[in-house]
Amino acid sequence: MLFTSYSFIVFIAVLFVLYYIIPKKYQWILLLVASYFFYGLMSIKYLGYILVTTVTTFYAGRQLKRQNLYQKDYLKEHKADMSREDKKAFKEQIKKDKKIYFLACILVNFGILAFTKYTNFVIYNVNHISEMFGNDIVLSFWNIALPMGISFYTFKSMSYLIDIHRDKSQGANSLFKFALFVSFFPQIIQGPISRFEHLSKTLYGPHTFDYDRVAFGLQRILWGFFKKLVIADRLLIAVNTLKNSPEQYSGGFVLVLMLMYSFELYADFTGGIDIAIGIGQVFGVTIEENFNRPYFAKNITDFWRRWHITMGAWFRDYVFYPLSVSKRMLKLSKWARKNFGDAIGRRLPVYISTLIVWFTTGIWHGASWNFIAWGLANGIVIIISLELKPYYKWFHSKFNVADKRVFHAFQIIRTVLLVSSIRLFDVYKNVPLTFKMLGSMFTAQNYSSLFNGSLLELGLAMYDYVIVFGGLGVLLIVSLIQRKSNVRLQLASKPVHIRHAAFLMLILSLLVFGAYGAGYDASQFIYNQF
Amino acid sequence: MKKKIILLSISAILLFGALFLLEKLLMPKHVSGIVEGSLIESYYNEKLKHDILFVGDCEVYENFSPVTLWENYGYTSFIRGSAQQLIWQSYYLLEETFEYEKPDVVVFNVLAMKYDTPQKEAYNRMTLDGMAFSKSKLEAINASMLPEEHMIDYIFPFLRYHSRWSSLTKDDFQYMFSKKPLFHNGYYMRVDVKPVEYIPKKKKLSNYEFGEFSYKYLEMMTNLCKENGVELVLIKSPTLYPVWYDEWDQQMIDYAKDHNLMYFNFIDHIEEAGIDFNTDTYDAGLHLNITGAEKMSLYFGEILKEQFDIIDRRNDPVYAEAWIEKSTFYYKMRDQQYHELETYGEIMMYGEVVK
Amino acid sequence: MNDLIEILEELHADVDFKNCVTLIDHNILDSFDIITLVADINSEFDVTIPAEEIIPENFNSAKALYALVERLME
């Protein structure tokens, strides 16, 4: 079920009624049933995968927790009669014992992810290499389908496991409660990637019907629908036209595509997250925010703190930090400092870790070279921006522009253009083509043709652009307000009729202007007996 | 809390009111161009009984003229036809009509037997959108939907037509709540002439059997008429194209025999009816024009007179008055069409006529 | 403690590390600063800060960081 489908709306409506009728202690069970129902509807053949992940992670986690408790209790009990070396040795032993369960679980679950997601990518490359050497294709592709949400729920589960391993979390006290955490339907399709310690605070209830909270949740869902149907799905039409015929739409059109895609993706992704978080709110569950007005970022590092926040945090906490402060990395850093000086020694762990993280981020998004290129491009740009820091410092010491609005605008525009162009790897899904198209932006002479009406031949008419700009305008205003306060609270403080009128307008514009349904093509109605 | 409920209710009423009005505004009016979309709903304006009911596709609504039947036989009739009306749509229309009245005779054009499965969403719409809300309508929708369609788009056509906001015309505002009369008890009038030039050769088919679904609904139609004491008459309209295969004809002959029904293949009666495809067709043999339809109606009326005891209502003052109005409108439109033909070379009154 | 302040000031000369308690919350130290810090602390104090201790509570102020270092030194 897509979020923006009739069946999903019915699903939520029915669930909503049931949720607030049944005894509160069963609410989380209802959510569990609903989540598996939702999952089964989309992907029943692959139910096995999520079950394996759920069961293995829960029991491995429980074992680790037992070890943690055992260690704590033992040390407490024998505080007096253990020497420092004894304590250290004991901890080492526990660490070893934990390792087996921990590694086994990690291997199984990332193994499943790797198998389902990357097998054909590996095969593709093996064949490619074989062909490069003049041989025939070695392997044929396997018919493996991707279980729905596997990238998201695997990451959620592994963060659960790692947090227990680090003794930062107590974990769930029942397999079924954990199963709900893993499969929670609002976030199974595109996140956010919740942390157990955060989600579990509100996931299991009990929840009373709170009119204001439910109203806020519904408003947020409505807002998400508006973004997806009115802005995103509309822009998608033109985006598809542009990206499907690169030879025809090079040069200036690449710039147009870049910007259109940036707003389409933003509206679609944040819209989907709004719906997810809004649903959570309706049911009393607090889901983490995933976006923080990313297009207001002043540089690329800041951007990645504002876009897909939970993903960035996951890679930071579970890949970036462990990698960069690992013994091996520190040794490498020391070695580099000794042999190449401080400057290089300091940079090495940062740069290597950054590239590895962005490589994995890229490949997490998809099993193809264009995603790897996308990831690495982000990593490289980040590294470059780190390198340029001293020059920026020098610049700001000479020119007092740091606080000026114009300069902020420049930074924002620069960042938007930068991330949008890197995203072209994701758009064209082909590395050499992307470079070619990027280059054509600078070499092409066809910028003037953008104004001769060709933009009206991408599948969108003038009134469609009016709607898009109008929608983006509303988005901008809302974002500007959000810098200082919560928009829904603001509206809630206004007189009732204004508030109701605003939402009425939102619902009506969503229903009338949304890019859904079959559309009206008068030529369809031509009556032809043939 | 009570205040909240009241306020919410008011807002809900406003919302649904706005949606209701918007739906009326955004639905295509079919008052110009492809006016056939307005055929089905024109039935509900009728106040008096009809003793003969035609049901089926364009081969009924363009080839028979109720006014002619009235003037020459005193028979009241209505044609509940629509563009490419599929057999199950005909069945459910009949079922619905019987809630309003029980005619003496139902005439069904069997060309639709060749369509065993849902065809085109746009044609579905032209037939179904005009139906009043009823159980029959829901069942008709269900049988007609293509796999990618949803029932809810038919119950709330707003969802289907909302994107028309960008192509609204004056007609959409003017005819929001009622249409202007365009037809004559379901007859779509054309006075222009385009003689037959060339009839494409018959293509051979791999299978001439009509589909299971078609037969199912034909059975249902037969039973429905029997249960309601209505005579079902099967016909094949006199057109030169699309092809009516002999194998199809035979199946209908057999069916009629098995079920004790009358079946007339009027293609064989063209000469007898006096139909001349040089003057009586407006689209080179696909459909008859007004002169053809009038001839056909005269001929068919004779058959009906022989076979059935349908009341001649010309002496009934109530009916006579109503039908005088209808005839007046009929001849007025005819004259206007001839005038347009003379002045402009083509018929203008239907807006841009797309063929 | 002063050694630590020195290391911090090497990263950002303009920040008042003695008093600031929102180094992480206000993004004064970003993730790159943190791993550079960890490497420097490793060099200077010969302790390894494990990844699980890289949390806002430990890095929001020089004081908290020093407490962590001391704890690890035991």
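Please read these numbers as outputs of a predicted model, since none were measured by experiment.

## Quick look at the overall build of chain A
Part 1 of the argument: When you go through chain A residue by residue, the secondary structure sums to 20 helices and zero strands.
Part 2 of the argument: In terms of overall dimensions, chain A is globule-like: its C-alpha atoms have a radius of gyration of 26 Å, near the 24 Å expected for 530 residues.
Part 3 of the argument: C-alpha atoms of chain A, sized along the principal axes, occupy 90 × 65 × 65 Å.
Part 4 of the argument: Contacts in chain A between residues far apart in sequence, at least 24 positions, make up 75% of those at least 6 positions apart.

## Overview of the interface of chain A and chain B
Part 1 of the argument: Counting residues at the interface gives 20 residues for chain A and 28 residues for chain B.
Part 2 of the argument: Across the side of chain A that touches chain B, the residue classes break down as 15 nonpolar, five polar and no charged.

## Here's the deal with the interface of chain C and chain A
Part 1 of the argument: With 14 residues of chain C in contact, the opposing surface of chain A contributes 18 residues.
Part 2 of the argument: The class makeup of the residues in the side of chain C that touches chain A is seven nonpolar, five polar and two charged.

## With respect to the nonpolar core
Part 1 of the argument: Formed by 127 residues in total, the largest nonpolar core has its most connected members in Leu161(A), Leu180(A), Phe181(A), Leu235(A), Leu257(A) and Val38(C).
Part 2 of the argument: With 16 residues, the top contributor of residues to this core is helix α9 (residues 252–282) of chain A.
Part 3 of the argument: Excluding anything up to four places from it in sequence, Leu161(A) contacts Thr57(A), Ala60(A), Gly61(A), Phe102(A), Cys105(A) and Ile106(A).

## Re the pairing of strand β2 (residues 77–81) of chain B
Residue and element names in this part refer to chain B.
Part 1 of the argument: Buried residues dominate β2, accounting for five of its five residues.
Part 2 of the argument: As paired elements, strand β1 (residues 52–56) and β2 share five bridges and run parallel to each other. Across the sheet, Gly-56 pairs through a bridge with Gly-81, a residue of β2.

## As for the packing of helix α2 (residues 27–43) of chain A against helix α6 (residues 175–183) of chain A
All names here are of chain A.
Part 1 of the argument: Close contact between α2 and α6 brings their axes to 9 Å; oriented N to C, the two are set at 50 degrees. As the angle between them shows, α2 and α6 are arranged oblique. The way α2 lies across α6 gives a crossing that is left-handed. Each of Trp-28, Leu-31, Leu-32, Ser-35, Tyr-36 and Tyr-39 in α2 lies in contact with α6, whose residues at this interface are Phe-176, Lys-177, Ala-179, Leu-180 and Ser-183.
Part 2 of the argument: Residue classes in the contact of α2 with α6 are distributed as eight nonpolar, two polar and one charged.

## Side note on the confidence of the model for chain A
All names here are of chain A.
Part 1 of the argument: Residues of chain A with pLDDT of at least 70 account for 98%, and the chain-wide mean is 89.
Part 2 of the argument: The least confident element of chain A, judged by mean pLDDT, is helix α19 (residues 487–493) at 76; the most confident is α6 at 96.
Part 3 of the argument: Predicted confidence for residues 526–530 stays below pLDDT 50, and this span has eight contacts to residues more than four positions away or in other chains.

## Topic: the domain arrangement of chain A
Residues and elements named next belong to chain A.
Part 1 of the argument: Entries for chain A in the domain assignment read domain 1 (6–208), domain 2 (210–291 + 453–514) and domain 3 (293–444).
Part 2 of the argument: Domain 2 puts 19 residues into the contact, and the matching count from domain 3 is 21 residues.
Part 3 of the argument: Counting residues per element, the ones that place at least two in the side of domain 2 that touches domain 3 are α9 and α18 (462–482).

## With respect to the arrangement of the chains
Part 1 of the argument: Counting contacts across all two pairs of chains that touch, the top-ranked interface belongs to chains A and B.
Part 2 of the argument: Chain B makes no contact with chain C; the smallest distance between any of their C-alpha atoms is 40 Å.

## Considerations on the sheet that holds strand β5 (residues 262–265) of chain B
The strands making up a sheet are joined through hydrogen bonds of the backbone, oriented either antiparallel or parallel.
All names here are of chain B.
Part 1 of the argument: Pairing within the open sheet is parallel, and its five strands lie in the order β2-β1-β3-β4-β5. Every interior strand has two partners, whereas the edge strands, β2 and β5, have only one. With direction set aside, neighbouring strand axes in the sheet form an average angle of 20 degrees.
Part 2 of the argument: Sheet topology places β1 next to strand β3 (residues 105–109); four bridges connect them, and they run parallel. Each residue of the ladder has a partner; that of Ile-52, found in β3, is Val-105.

## Examining the environment of Met329(A)
Residues and elements named next belong to chain A.
Part 1 of the argument: Summarising the element assignment, Met-329 is placed in helix α12 (residues 327–365).
Part 2 of the argument: Taking the C-beta count within 10 Å as the criterion, Met-329 has 21 such neighbours and is therefore assigned buried.
Part 3 of the argument: Remark: the alpha-carbon pair of Met-329 and Ile-352, spanning 23 residues in sequence, is separated by 9.1 Å.
Part 4 of the argument: Setting aside its immediate chain neighbours within four residues, Met-329 contacts Leu-323, Ser-324, Pro-349 and Ser-353.

## Let's talk about the confidence of the model for chain C
All names here are of chain C.
Part 1 of the argument: Looking at chain C, pLDDT values average 86 and 100% of them are 70 or higher.
Part 2 of the argument: Mean pLDDT values over the elements of chain C span from 84, in helix α1 (residues 2–11), up to 88, in helix α3 (residues 56–59).
Part 3 of the argument: Reported confidences for the modelled complex are a pTM of 0.88 and an ipTM of 0.91.

## Here's the deal with the environment of Tyr124(A)
Residue and element names in this part refer to chain A.
Part 1 of the argument: Residue position: Tyr-124 is located in helix α4 (residues 84–132).
Part 2 of the argument: Under the C-beta neighbour-count criterion, Tyr-124 is labelled partly exposed, with 17 such atoms within 10 Å.
Part 3 of the argument: Considering only alpha carbons, one finds Tyr-124 and Ala-60, 64 residues apart in sequence, at a separation of 34 Å.

## Remarks on unusual backbone geometry
Part 1 of the argument: Geometrically, the link from Gly191(A) to Pro192(A) is a cis peptide bond, its omega value of 0 degrees lying close to zero.
Part 2 of the argument: By the secondary structure assignment, Pro192(A) is in the loop between α6 and α7 (196–203).
Part 3 of the argument: Cis geometry is found at the peptide bond from Tyr241(B) to Pro242(B), where omega equals 5 degrees.
Part 4 of the argument: A positive phi angle is found at His308(A), which is not glycine, with a value near 55 degrees.
Part 5 of the argument: Assignment of secondary structure puts His308(A) in the loop between α10 (300–306) and α11 (309–324).
Part 6 of the argument: Under the C-beta neighbour-count criterion, His308(A) is labelled buried, with 22 such atoms within 10 Å.
Part 7 of the argument: Positive phi values are uncommon outside glycine, yet Asn27(C) reaches one of about 55 degrees.
Part 8 of the argument: Inspection of the secondary structure puts Asn27(C) in the loop between α1 and α2 (31–45).

## Section: the pairing of strand β4 (residues 231–236) of chain B
Residue and element names in this part refer to chain B.
Part 1 of the argument: Most of β4 sits out of view: five of its six residues are buried.
Part 2 of the argument: Strand direction decides the pairing type here: β3 and β4, joined by five bridges, are parallel. Directly across from Val-106, in β4, lies its bridge partner Leu-232.
Part 3 of the argument: Here β4 pairs with β5 via four bridges, running parallel. Among the inter-strand pairings, Leu-234 is bridged to a residue of β5, identified as Tyr-263.
Part 4 of the argument: As a crossover connection, the stretch from β4 through helix α11 (residues 246–258) into β5 is right-handed.

Thresholds applied
- Each chain carries its own residue numbering, running from 1 in the written order of its sequence.
- The order in which chains are written sets their letters, starting at A; the order in which ligands are written sets their numbers, starting at 1.
- Thresholds applied to this predicted model are a pLDDT of at least 70 for local features of residues and 80 or more for the giving and counting of side-chain atom pairs; totals over whole chains, interfaces and linings are not thresholded and use all residues.
- To qualify as a helix, a DSSP run of H or I must reach at least 4 residues; to qualify as a strand, a run of E must reach at least 2; elements of each kind are numbered from the N terminus.
- Values of the radius of gyration come from C-alpha atoms, whereas the globule rule sets the reference at 2.2 Å times the count of residues to the power 0.38.
- Note on contacts: residues are paired as contacts if their backbone-placed C-beta atoms lie within 7 Å.
- Residues are grouped as follows: Ala, Val, Leu, Ile, Met, Phe, Trp, Tyr, Cys and Pro are nonpolar; Asp, Glu, Lys and Arg are charged; every other residue, Gly included, is polar.
- A set of buried residues drawn from Ala, Val, Leu, Ile, Met, Phe, Trp, Tyr and Cys, joined through C-beta atoms within 7 Å, is what defines a nonpolar core.
- Whether a residue is buried, exposed or partly exposed follows from its count of other C-beta atoms within 10 Å of its own C-beta, namely 20 or more, 12 or fewer, or something in between, respectively; the C-beta atoms are built from the backbone.
- Paired strands, in this sense, are two strands between which DSSP finds at least two bridges.
- Between N-to-C directions, angles span 0 to 180 degrees; the directions come from axes that are lines fitted to C-alpha atoms, helices contributing only their stretch in contact.
- Reported orientations rely on four angle classes, namely roughly parallel under 35 degrees, roughly antiparallel over 145, roughly perpendicular from 65 to 115, and oblique for the rest.
- We call a crossing left-handed when the near helix sits turned anticlockwise from the far one by less than a right angle, and right-handed when that turn is clockwise.
- Confidence of the predictor in every single residue is expressed as pLDDT, which spans 0 to 100.
- Those domain boundaries reflect an automatic or database domain assignment.
- Seen with the strands pointing away from the viewer, any crossover whose path from the first strand over the helix to the second strand runs clockwise is right-handed.

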